[in-house]
Amino acid sequence: MATAIDMTHEGAELGAMESTACDPHHMPLPELSGVSSIASAQSEPAEGPEQQQLKVYLRVRPFSKEELAKNEDQGCVVLESPETVLLQAPKGSASMKSSERGITQQLHKFSFSQIFGPEVTQADFFDGTISTQVQDFLQGKNALVFSYGVTNAGKTHTIQGSLKDPGILPRALDVTFRYVSGRKYENMDLKPYLSVDVQRLDSDQLKTERNTKATLLNLLKEESEPPKPSRSRSSSMSSVSSLSFSGVSYDQTVDSADAAGDGMQCVFSVWVASYEIYNEYIYDLLQAPPTTKSKKRPALRVCEDGAKNPYIRDLTWVNVQSAEEASKILHVGNKNRSAASTVMNQSSSRSHSIFTIKLLRIDGADIQGMSELTLCDLAGSERCNKTKTFGERLKEAGNINNSLLILGKCIAAMRNKQSDRSKISHIPFRESKLTRLFQGVFCGRGRVSMIININQCASTYDETLHVMKFSAIAKQVVQVIQPRSLESLAPRLVGRNGKPLIKNGVIDNQAVDDYLSEDELLDGEDEADMSILPQEELISLLEGLREKLLTERRKNLVQEIQIRREMGDAIIQQLMEMEEAHSYHIADLKESYEEKKESTMEMYKEALKEYAYHCAQERLDEEYIPVEKYTLEQNKAEELQKRLADLEQQRHGTGTGSSVVFTKDSSTQTDKLPQTPTQDSGDSERCKLLYREKCAVEQLCGEKQGLIVSLEKRICELNETLQEAGESYLEKLAQIQELQISLADKEQIKRRLQADVTDKKAELSVLREEMTKLSLDSERKMRPKRGLLASIELVTTPHKTALRHVIRRSVRATPSTRNKS
Ligand SMILES: Nc1ncnc2c1ncn2[C@@H]1O[C@H](COP(=O)(O)OP(=O)(O)OP(=O)(O)O)[C@@H](O)[C@H]1O
């Protein structure tokens, strides 16, 4: 089941428009109040304004062979009726994925003013679409046609077509020249001027005009083959070089002006211009682009005349006398476009190509009217689609086509405005060059139609769906077209200096009054065209501007000083901050270096200690006394001392009270101990023994003491040795490093020498080869001397050598002989 609403994925706006687009009985919406007011300000309507839904045509191009081979035909586009089409999401497309997730629908239905299938011919397409607009144009009304679609959808094919199968533009030109046939104004002295005016050229201007046209036409004279339209990818496509439609049938609804019986004895002058809008810059396609990238392609400006009608300043307008001439001009444009896109490295499918025809209706000395037919081949819309929105996100996406975005916004705003009249919505016509140029036509000064081109490829389904949604909004826009009398349409005729000329013998005061005031020229951001003002006004304007300039300069200077001061302060502040950060950084570095140094020192110390320990260990091994033994001895000594003390006590307890003092040095006097009469012989013996033992213990203690002292001394010596060893270790370390460096040097020298040796070897082998060659050569030379001659040489050679020796010896001997003499 097809759905009409797709609100989630693409945004509410697009969803809403699709729903309306699906309603074939959708009633025209009320007029755009804001839009119509702009239109009505231009002139007095002779009758009520005509409301018309914007015509949106769909053209589906056939598959190419390559596309069929790639299985692009997956039944994505189904033409239900001449007005409705069904889009079915193919597998793998983003739409299918989102429909599987239940976000969007798989089927989308759209309605159009008319749908043209792949089999429809160019002629039928022209007849079914813009032929009525061309008739309006011939009757003095303006018409604007857009072709919109993704790249490779057939936009250029539809507008320009090929030599054998011309598109709507050459057909429109052909119809125009058939209409004016026999009533052409052959002099080119009346030329479109500014937006809606006509300028009478003087003889000098006329000469320049003729030269410009001749130069342009000469550009194509040499070419046998017409250039392809720059946007067309297909080799099978080429633009028209001649508009002889012999054999091409088309609806002959428009015949010559006479036959149509428009009742006026007027003649027609046809002027054409071709330009492109690329990256919001307008480029004249009838001006040769620069041949090198370094030169800038001159961009044109959009200006406004006194009535605020926009026009492109300095755009080349060329008078054409036939459809052939017009098509040649179209070719020049195509050629310049492709040359520019090559030199400037730009993608031509990202630019809008515009061709405008102006038809002047001349009655004697008066200009009865001027109408304009514009065909606009819009840039490929795929980039916009890829961003999936017409909103702000597009801007962020970068490299977007601003004009396309604003066109979409304008169309949506127009639709919104008419659906809800209470809404005060602004239509952003002025936000892009494209919409600004055609604002007037959108607002009722002409009829707008849109051709939507699509292919049926499955791979571009998502982009195609977006194009369809865009078209659905466009279809809802109701244009309020202002019918105007030919009189009100009559353009002002101006002279060389741009001042209005006498009209019917009377100075057109109204016209003079309508010209721009200084304020109008300087108003807002509009790029005003000063050159249209008379000389005196220009001088006064210039003076005023000079004063303004001076005031502005003064203001700017003050501002600049202030800004510089602020900038200076800011820079100083920044520098100070940087300095502070720097000093912190330096302190940090210092700290970390200190830490590293200390840790390295610790490492060395540890290494030294270890080394010293090892040395000490080695030395101690020789004089080692185990601790156990030492403790045993010490215990023994203590025990003996204890026993001695016990004995002493016993002696005191049993003795007569006379005290005997045992001293170390009295040990020798043991035999001389006093004998008391009361002492028995056993006791005295024991005492003697004890005394001897005590002396022995004392002697042992003394020895041990001496050992301890000697050990301490030894430890001191070892410490000294350790220190010395540490120093020598550092010395050795330094020596090792030096040796390593010298080793590396030697290594390098060795490598260099090896390389030299290799070179020499190579040289040697080359020399050997040369020698071999030379010897072979000499052998070859020797070869004919065979037989008798060879043997003669063999015989003579030893003689020759001997002779050479003799000569050499005599030469060496000569100086000495001379000296002797
Ligand atoms: N109705 C058609 N019948 C036959 N071939 C067509 C039709 N429409 C388009 N083609 C072919 O499809 C190819 C692409 O068409 P075209 O160059 O006009 O696309 P485009 O939309 O202008 O592309 P771009 O935006 O890149 O300029 C061309 O080879 C063209 O001849």
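Because the structure is predicted, anything quoted here is derived from the model rather than measured.

Thresholds, definitions, all that
Residues numbered from 1 in each chain as written. Predicted model: local features only at pLDDT ≥ 70, side-chain atom pairs only at ≥ 80, totals over all residues. Pairing = 2+ DSSP bridges. Helix = DSSP H or I, 4+ residues; strand = E, 2+ residues; numbered from the N terminus. Buried ≥ 20, exposed ≤ 12 C-beta atoms within 10 Å, placed from the backbone. UniProt positions renumbered as here; feature names shortened; annotations may be inferred. Contact = placed C-beta atoms within 7 Å. Axes fitted to C-alpha atoms, helices over the stretch in contact; angles between N-to-C directions. Core = buried A, V, L, I, M, F, W, Y, C linked by C-beta atoms within 7 Å. Expected span 1.5 Å × (residues − 1). Parallel < 35°, antiparallel > 145°, perpendicular 65-115°, else oblique. Left-handed = near helix turned anticlockwise from the far one by under 90°. Nonpolar A, V, L, I, M, F, W, Y, C, P; charged D, E, K, R; others polar. pLDDT = per-residue confidence, 0-100.

Draft legend 1. Just the sheet that holds strand β8 (residues 190–193), in detail. Reading across from one edge, β8-β9-β19 is the order of the three strands in this open sheet, with mixed pairing throughout. Unpaired on one side and paired on the other, β8 and β19 (493–494) mark the two borders of the sheet. Sheet topology places β8 next to strand β9 (residues 197–200); four bridges connect them, and they run antiparallel. Paired with Pro192 across the strands is Val198, a residue of β9.

Draft legend 2. Expanded view of the pairing of strand β16 (residues 366–377). The buried fraction of β16 is high, at nine of 12 residues. By the bridge criterion, five bridges tie strand β7 (residues 143–149) to β16 in an arrangement that is parallel. Bridging across to β16, Leu144 finds its partner in Thr374. Note: strand β15 (residues 352–363) against β16, 11 bridges, orientation antiparallel. Bridging from a neighbouring strand, Ile357 pairs with Leu373 of β16. The turn joining β15 and β16, which pair antiparallel and follow one another in sequence, is formed by two residues; a positive phi near 65° is taken by Gly364.

Draft legend 3. Fine view of the UniProt feature "binding site: ATP" (unreviewed entry) in the protein. UniProt's feature table lists "binding site: ATP" (unreviewed entry) at Gly149, Val150, Thr151, Asn152, Ala153, Gly154, Lys155 and Thr156, given in the numbering used throughout. Tracing the chain through its elements places Asn152 in the loop between β7 and α7 (155–159). Position of Lys155 relative to the elements: it lies in helix α7. Ignoring sequence-local partners within four residues, the contact set of Lys155 consists of Ser147, Gly149, Asp377, Leu378 and Asn453.

Draft legend 4. Structural detail: the sheet that holds strand β4 (residues 84–88). The sheet built from three strands is open, its strands ordered β3-β4-β5 with antiparallel pairing. Strands at the two margins of the open sheet, each flanked by one partner only, are β3 (77–79) and β5 (107–111). On average, each strand axis in the sheet is tilted by 20° relative to the strand beside it, whichever way the strands run. By the bridge criterion, five bridges tie β4 to β5 in an arrangement that is antiparallel.

Draft legend 5. Fine view of the nonpolar core. In terms of nonpolar packing, the biggest core is built from 108 residues, with Leu58, Val272, Ile329 and Ile452 touching the most fellow members. When residues in this core are grouped by element, the largest group, nine residues, is from helix α14 (residues 402–419). Setting aside chain neighbours within four positions, we find Val272 in contact with Val318, Val320, Ala326, Ile329, Phe355, Thr356 and Ile357.

Draft legend 6. Spotlight on unusual backbone geometry. Despite not being glycine, Leu194 has its phi angle at roughly 50°, a positive value. Tracing the backbone shows Leu194 in the loop between β8 and β9. The class for Leu194 is buried, based on 24 C-beta atoms found within 10 Å. At Asp314, a position not held by glycine, the phi torsion is positive, near 65°.

Draft legend 7. The arrangement of helix α17 (residues 461–476) in detail. The first and last C-alpha atoms of α17 sit 23 Å apart over 16 residues, in line with the 22 Å expected at 1.5 Å per residue. The element α17 is largely enclosed, with a buried count of 16 among its 16 residues.

Draft legend 8. Structural context of the packing of helix α8 (residues 168–180) against helix α11 (residues 323–343). Axis separation between α8 and α11 bottoms out at 9 Å; the angle between their running directions is 150°. Between α8 and α11, the angle falls in the class roughly antiparallel. Crossing hand, α8 versus α11: right-handed. The segment α8 lies against α11, with Pro170, Leu173, Asp174 and Phe177 engaging Ala323, Ala326 and Ser327. When grouped by side-chain class, the residues that make up the contact of α8 with α11 number five nonpolar, one polar and one charged.

Draft legend 9. Spotlight on the confidence of the model for the protein. In the predicted model, the protein carries a mean pLDDT of 76, and the fraction of residues at 70 or more is 71%. Counting contacts from residues 511–527, a segment whose pLDDT is below 50, to residues more than four positions away or on other chains yields 19 contacts. Note on residues 810–821: pLDDT under 50 across the span, and zero contacts to partners over four residues away in sequence or across chains. Note on the complex model: pTM 0.58, ipTM 0.98.

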